[in-house]
Amino acid sequence: MKSFTYERAASPAEAAAAAARVPGARFIAGGTNLLDLMRLEIETPMHLIDVNGLDLDKIEPTRDGGLRIGALVRNTDLAADPRVRRDYAVLSRALLAGASGQLRNKATTAGNLLQRTRCPYFYDTNQPCNKRLPGSGCGALEGFSRQHAVVGVSKACIATHPSDMAIAMRLLDATVETARPDGSTRRVPIADFHRLPGDTPHVEHALAPGELITAVTLPKPLGGTHLYHKVRDRASYAFALVSVAAVIQPDGNGRIAVGGVAHKPWRVEAAEAELPRGARAVAGPLLADASPTHHNAFKLTLVQRTLAAVLAEARA
Amino acid sequence: MKFETAAGENPIDRQAVVGKGVDRIDGPLKTTGTATYAFEWHERITRPAYGHVIGAGIAKGRIVSLDLAYVRQAPGVITVVTAQSAGPLGKGGRNNATLLGGPVIEHYHQAVALVVAETLEQARAAAQLARIQYAREPGTFDLDAEKDGATRPDSITGGPADTAIGDFATAFAEAPVRLDGTYTTPGQAHAMMEPHASIAAWEGDRLTLWTSNQMIDWGKQDLAKTLNIPADNIRLISPYIGGGFGGKLFLRADALLAALGARAAKRPVKVALTRPLMFNNTTHRAATIQRIRIGAGADGRIVAIGHENWSGDLNGLKAEAGVRYSRPLYAGAHRMSTTRVAALDLPEANAMRAPSDAPGSMALEIAIDEMAEKLKLDPVEFRIINDTLVDPEKPERAFSERHLKECLNQGARRFGWHRRAAEPATRREGAWLIGLGVAAAFRDSPVTTSAARVRLDGRGIVTVETDMTDIGTGSYTIIAQTAAEMMGVPLERVVVRLGDSSFPVSSGSGGQWGANSSTSGVYAACVKLRENLARRLGFDAEQAVFEDGEIRQGGRRAALSEAVVDGEMIAEDAIEFGDLDDRYKLSTFGAHFVEVAVHSATAEVRIRRMLAVCSAGRILNPKTARSQVIGAMTMGVGAALMEELAVDKRYGFFVNHDLAGYEVPVHADIPHQEVLFLEETDPLSSPMKAKGVGELGICGVSAAVANAIYNATGVRVRDYPVTLDKLLEGMPEAI
């Protein structure tokens, strides 16, 4: 871990301004990912701006019948909120499928969206990784890639986004609210928030330097049956091989988003039209142009079969 | 004390204390965080410096330049140790790669430098400033590719590399029912909770090393040899160990580098390996490829059994020899086995819980399941048909005790084995396919010399000292029970001190020899103390009874403390074993039963129930023995379902080198576990009439899981771990 300076921010605007002012600054909230990466010197911020004291830990109704989730709401609290459990159960289920109880107690809503990949080549500083060291190459592409992405990949990077929560947020069409260093705010649809790797896998999201997430808002509830099926090699405390978030309506229509397969939460609205015709019909357009490796080609089958399990459960 | 003939009746047979499932006597220290693990001697070492190990960034080649200028200038840095600065070092007899590499690099993450600083954080930060340039050389990293060039080792543990009995080729060719299968097991990591850690302090030319090591004397001898100093100048202290599983049998880089760092820094130095370094820096269980051929008559009797095993090791040294499992387990007149080792440039391979037998069982016990199916026999029945009471390779040599049949039968009854569907993939509950599996467990129970010292003080307190270790197994408790039984004092009046090289040399902990050997050493020392006490108080040691803190004979009685005149009375002795384990085969047996549910769409596997029935001589403490077995069953589940050191065959390293990438079971993976021990003693094993259980418990578990998955799904997977991607293609259609 490199030495760094540290300050506590008094307001979102001030935090954003400070982050823009000091080169190499990063925000810190739960620290469940950032601190690990700092110890390994994968992240080497020169300055940390602690946002934990900001008044961003409320869950409030919005005027159009949705929910506004403060950036600092802890994963445990979000999963347990009665409104979330009643109206956005897929979000609660996704949260509880992630990490461990201890980590969820610390991890925040905004921080969860900004998790870095768990690609082992990203984590080993002796290995090439375009995400960690742009231009150094991708160790995973022809290496051990069982966990890696199968859609939306590039020659530069086949890493996945590790978040469960983000899959549910994408399904629910959440909006990310931010504060910018110039004092302004903006709203970014979740669909535009995470990026595909392309030639710049180190650029993972739409935030500009210094821009701070202040809240994530959910539109009004969708109704329907909410499911989150996370498939992994052990029963708990592991990242998804594949996960499927779904809201299925009584008529068989609905939405799905898939985790563990791409650099961002994977949702193809066109594929959702096929939902009444079953998992196989959905999987085609959902995974069109997939480009798996020898190690992870099974994910294509697994997505379809997990989807089938989810649809069967929705019918049951 | 020499143990050369079967044990007669002795004080242990009273079982007033031994054989009781008492709580661990060291439990409160551990649950309150006051047990001093290797990194935690805060009161003894108040101002240590901290060392951070730099691991090599390549698998094979040379360091071209090692620029430490920025490291030395970094805040808090005291010194940096490299192979060059350390000067000529020896190599411990049990080490393969050198523990401090450079300029030659033998494997990935081989230690190349230790940065010593005032704080852990400073040492770690400074280490990142090292500028190391390597010249990478091509290496061999792929066992499958190197298999054909593998060579025969001189021997394997407990026997020759190859064996041949009768005429296997002809008998197999002519057998009416035949199986020819190839099975693979991946490399596995010990992944113990406590990392390798040491604190070293020099006083002149004398070194004290607080460390985490299963074998105190091996560690001391190999450290002396590596440092080129007399072994008597070294004191090794390791009273508590947070798991070892064979990964702490040997001197490792933390210990050597702490010693070198402390010498260079001229003050005590602490070194713990970071988790990401452990997987490639230390040892692991080697991957295996195993070909098994079995021929049987239509009556289900095996006539021919062949087992060929390939594994790899750095420099082609040590075999992970699965053949050990098939040699003694089932009858059959015509037999062959071969062992080959390939030279790989991966980190060195070495012992992990039930070395050779765990992977051997993973392969053989699937093959047996497959063979039973070909014969249309129940797999329990097939195993019983081929049971043998003599060593099949040496029919003149009987097992001292062998109750495999009883384990299988009792387990089958207890587990409800009759509910298993003979036809696979026919039992379904909702979305889940249900299956049952069984496997036989076998593991030798070696014995080895073990010494102890016993002190009796004027208050009647009995103190046992031996360099035996407690790696979480319960050594403290069973040693206390042994001394309490022998001296006739309550458990509360026994103090046990372990893991210190100033104590008599014990068996140490490994190969499941520890419990039986070390308690036998304590038995021997107690016999001597009993004789000394009897002599001083005028009793006949043979006739006297030691009970309630007294020595009694006829109508006479005296408090033990009466014999103590000069503060304390001390006796020391060792148990030494004769040739009983040559004349008889001393082994432990068991049966594992597993029920699994496999999701019909996703092929996720969930274990529902597990049962182990074990036959392992006298069980010294059923509670700690059970804990060992359920831990071993858990480890067997890991090996079956998820554990695999993934090799990057281009760069030659284990890619998933942390606990996020190398998955072991979590609580949610482990359901109800039941363990039964057969009531028995083995008078040929030792005066304790006991054996080991800690490795028996893992043997066969993984195959029982794999067999249950086959029973549930009809998909036979011969390559571990049985992850869902290997099952998907064979699962029922999901729409």
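What you see is a predicted model; the values in this text were computed from it and never measured.

(A) The overall build of chain A, seen in detail. Check the secondary structure of chain A and you find 13 helices and eleven strands. With the C-alpha coordinates of chain A rotated into their principal frame, the extents come out at 55 × 50 × 30 Å. Across chain A, every contact between residues at least 6 apart in sequence was considered, and the portion connecting residues at least 24 apart equals 62%. Here chain A has roughly 12500 Å² of accessible surface; of this, 51% comes from carbon and sulfur atoms. Across chain A, the centroid of the 38 positively charged side chains sits 3 Å from that of the 30 negatively charged ones.

(B) Spotlight on the packing of aromatic side chains. Residues and elements named next belong to chain B. Considering all chains together, one arrives at 17 aromatic pairs over all chains under this definition. Seen in terms of ring centroids, Y37 and Y240 are 6.0 Å apart; in terms of plane orientation they differ by 50°. Their pairing is tilted. Of the two residues, Y37 is situated in the loop between helix 1 (27–31) and strand 2 (49–55) and Y240 in the loop between strand 12 (234–237) and helix 8 (253–265); the sequence distance between them amounts to 203 residues. In this structure, Y37 and Y240 share a single accessibility class: buried. Consider the rings of Y325 and F442, whose centres lie 5.7 Å apart with planes at 65°: the pair is edge-to-face. Of this pair, Y325 sits in helix 10 (residues 323–329) while F442 sits in strand 20 (residues 432–444), placing them 117 residues apart in sequence. The class of F442 is buried, set by a relative accessible area of 0%.

(C) Summary view of the domain arrangement of chain B. All names here are of chain B. Domain parsing of chain B yields domain 1 (11–35 + 448–576) and domain 2 (356–445 + 583–730). Summarising the inter-unit geometry, the C-alpha centres of domain 1 and domain 2 are found 35 Å apart. Facing 24 residues of domain 1, the contacting portion of domain 2 comprises 25 residues. Interface area, domain 1 with domain 2, both sides summed: about 1900 Å², of which 50% is carbon and sulfur. Contact with domain 2 buries surface across domain 1, with T473, Q512 and N516 losing the most and accounting together for 34% of the total. Here D13 makes a salt bridge to K689, at a shortest N to O gap of 2.8 Å. Between the two partners, domain 1 and domain 2, sit 17 residue pairs in polar contact (both at pLDDT 80 or more). Counting residues per element, the ones that place at least two in the side of domain 1 that touches domain 2 are helix 14 (475–487) and helix 15 (514–537). With five residues, helix 15 is the single largest residue contributor to the side of domain 1 that touches domain 2. By residue class, the composition of the side of domain 1 that touches domain 2 is seven nonpolar, 13 polar and four charged.

(D) Broad picture of the interface of chain A and chain B. Contact residues are listed per partner, giving 38 residues for chain A and 40 residues for chain B. Looking at the side of chain A facing chain B, the largest losses of area belong to A:R234, A:A235 and A:R305, adding up to 22% of the total buried there. Our count for the chain A to chain B interface comes out at three salt bridges. Two residues, A:R146 and B:D725, come together in a salt bridge whose shortest N-O distance is 2.9 Å. At the boundary of chain A and chain B, one finds 15 residue pairs in polar contact (both at pLDDT 80 or more). Residue contributions to the side of chain A that touches chain B peak at eight residues, all from helix 13 (residues 298–315) of chain A. Of the residues that constitute the side of chain A that touches chain B, the class distribution is 17 nonpolar, ten polar and eleven charged.

(E) Broad picture of the pairing of strand 32 (residues 672–677) of chain B. Residues and elements named next belong to chain B. Counting buried positions along strand 32 yields five of six residues, so the element is predominantly enclosed. Across six bridges, the pairing between strand 29 (residues 605–615) and strand 32 is parallel. Looking at the pairing, L611 lines up with E674 of strand 32.

(F) Quick peek at the side chain of B:T519. Residues and elements named next belong to chain B. When you line up the elements, T519 lands in helix 15. For T519, a relative accessible area of 0% puts it in the buried group. At 2.6 Å, the side chain of T519 forms a polar contact with the backbone oxygen of A515. Leave out the neighbours within four places in its chain, and T519 touches I478, I479, T482, G514, L620 and M688.

(G) Structural context of the nonpolar core. Ranked by size, the top nonpolar core spans 123 residues in total, and within it B:V596 and B:L727 carry the most contacts. Per element, the largest residue contribution to this core is ten residues, and it comes from helix 17 (residues 622–641) of chain B.

(H) Broad picture of the packing of helix 11 (residues 357–374) of chain B against helix 18 (residues 701–713) of chain B. Residues and elements named next belong to chain B. Viewed as axis vectors pointing N to C, helix 11 and helix 18 meet at an angle of 35°, and their least axial separation amounts to 8 Å. Viewed along their axes, helix 11 and helix 18 form a crossing whose handedness is right-handed. Along the contact surface, helix 11 presents S361, M362, E365, I366, D369 and E373, while helix 18 presents S702, A703, A706, N707 and Y710.

(I) Here's a closer look at the pattern of salt bridges. Residue and element names in this part refer to chain B. Counted by the stated rule, this structure contains 75 salt bridges over all chains. Among the salt bridges present, the one from R414 reaches E674, with a minimum N-O distance of 2.4 Å. Of this pair, R414 sits in helix 13 (residues 404–415) while E674 sits in strand 32; the two residues are 260 residues apart in sequence, bridging distant segments of the chain. The closest approach of N and O atoms between R459 and D457, which form a salt bridge, is 2.7 Å. Each of R14, E485, E547, D548, E550, R552 and R557 takes part in one network of salt bridges that share partners.

(J) Spatial organisation of the sheet that holds strand 3 (residues 61–67) of chain B. Pairing in this open sheet of three strands is antiparallel, and the strands run 5-3-7 (chain B) from one edge to the other. In this open sheet, the two edge strands, each paired with only one partner strand, are strand 5 (104–105) and strand 7 (131–136) of chain B.

(K) Looking closely at helix 15 of chain B. Its 24 residues give helix 15 of chain B an end-to-end C-alpha distance of 34 Å, which sits within 8% of 34 Å, the value for a rise of 1.5 Å per residue. Burial analysis of helix 15 of chain B places 19 of its 24 residues in the buried class, which makes it a mostly covered element.

(L) Broad picture of the state of the cysteines. Evaluation of the coordinates by the stated rule reveals zero disulfides over all chains. Looking at A:C157, it has no disulfide partner, and the nearest cysteine sulfur is the one in A:C138, 5.9 Å off.

(M) Focus on the layout of surface pockets. Residues and elements named next belong to chain B. Taken as a whole, the second largest pocket holds about 360 Å³ of empty space. Y240, Y476, V496, R497 and L498 are the residues nearest the centre of the second largest pocket, which is lined by 17 residues in total. Secondary-structure elements contributing two or more residues to the lining of the second largest pocket are strand 12 and strand 23 (494–497). Ranked by residue count, the leading element in the lining of the second largest pocket is strand 23, at four residues. The residue inventory of the lining of the second largest pocket, partitioned by class, reads twelve nonpolar, one polar and four charged.

(N) The arrangement of the pairing of strand 11 (residues 206–211) of chain B in detail. Residue and element names in this part refer to chain B. A large share of strand 11 lies buried, amounting to five of its six residues. Strand direction decides the pairing type here: strand 10 (residues 197–203) and strand 11, joined by six bridges, are antiparallel. The residue bridging E203 from the neighbouring strand is R206, located in strand 11. Taken together, strand 10 and the strand that follows it, strand 11, pair antiparallel across an intervening segment of two residues, in which G204 is found at a positive phi of about 65°. The pairing of strand 11 with strand 12 spans four bridges and is parallel. Directly across from T208, in strand 12, lies its bridge partner R235. Of the crossover connections in this fold, the one passing from strand 11 over helix 7 (residues 216–227) to the parallel strand 12 is right-handed.

Rules of the game
- Residues numbered from 1 in each chain as written.
- Chains lettered and ligands numbered in written order.
- Predicted model: local features only at pLDDT ≥ 70, side-chain atom pairs only at ≥ 80, totals over all residues.
- Heavy atoms only, no water.
- Helix = DSSP H or I, 4+ residues; strand = E, 2+ residues; numbered from the N terminus.
- Contact = heavy atoms within 4.5 Å.
- Areas by Shrake-Rupley, 256 points an atom, 1.4 Å probe, with all protein chains shown as cover.
- Lys, Arg positive; Asp, Glu negative; His and termini not counted.
- Charge placed at Lys NZ, Arg CZ, Asp CG, Glu CD.
- Phe/Tyr/Trp six-rings, centres within 6.5 Å; stacked < 30°, edge-to-face > 60°.
- Buried < 20%, exposed > 50% of the residue type's maximum accessible area, 1.4 Å probe, protein only.
- Domains from an automatic or database assignment.
- Buried area = accessible area lost by both parts, 1.4 Å probe.
- Salt bridge = Lys/Arg side-chain N within 4 Å of Asp/Glu carboxyl O.
- Polar contact = N/O pair within 3.5 Å; in protein donor to acceptor, adjacent residues only side chain to side chain.
- Nonpolar A, V, L, I, M, F, W, Y, C, P; charged D, E, K, R; others polar.
- Pairing = 2+ DSSP bridges.
- Core = buried A, V, L, I, M, F, W, Y, C linked by side-chain atoms within 4.5 Å.
- Axes fitted to C-alpha atoms, helices over the stretch in contact; angles between N-to-C directions.
- Left-handed = near helix turned anticlockwise from the far one by under 90°.
- Expected span 1.5 Å × (residues − 1).
- Disulfide = S-S within 2.5 Å.
- 1 Å grid on protein atoms, 1.4 Å probe; cavity = no way out; pocket = protein on both sides within 12 Å on 5 of 7 lines; lining within 4 Å.
- Points joined across faces, edges and corners; volume = space filled by probe spheres on them.
- Right-handed = clockwise from strand over helix to strand, strands pointing away.

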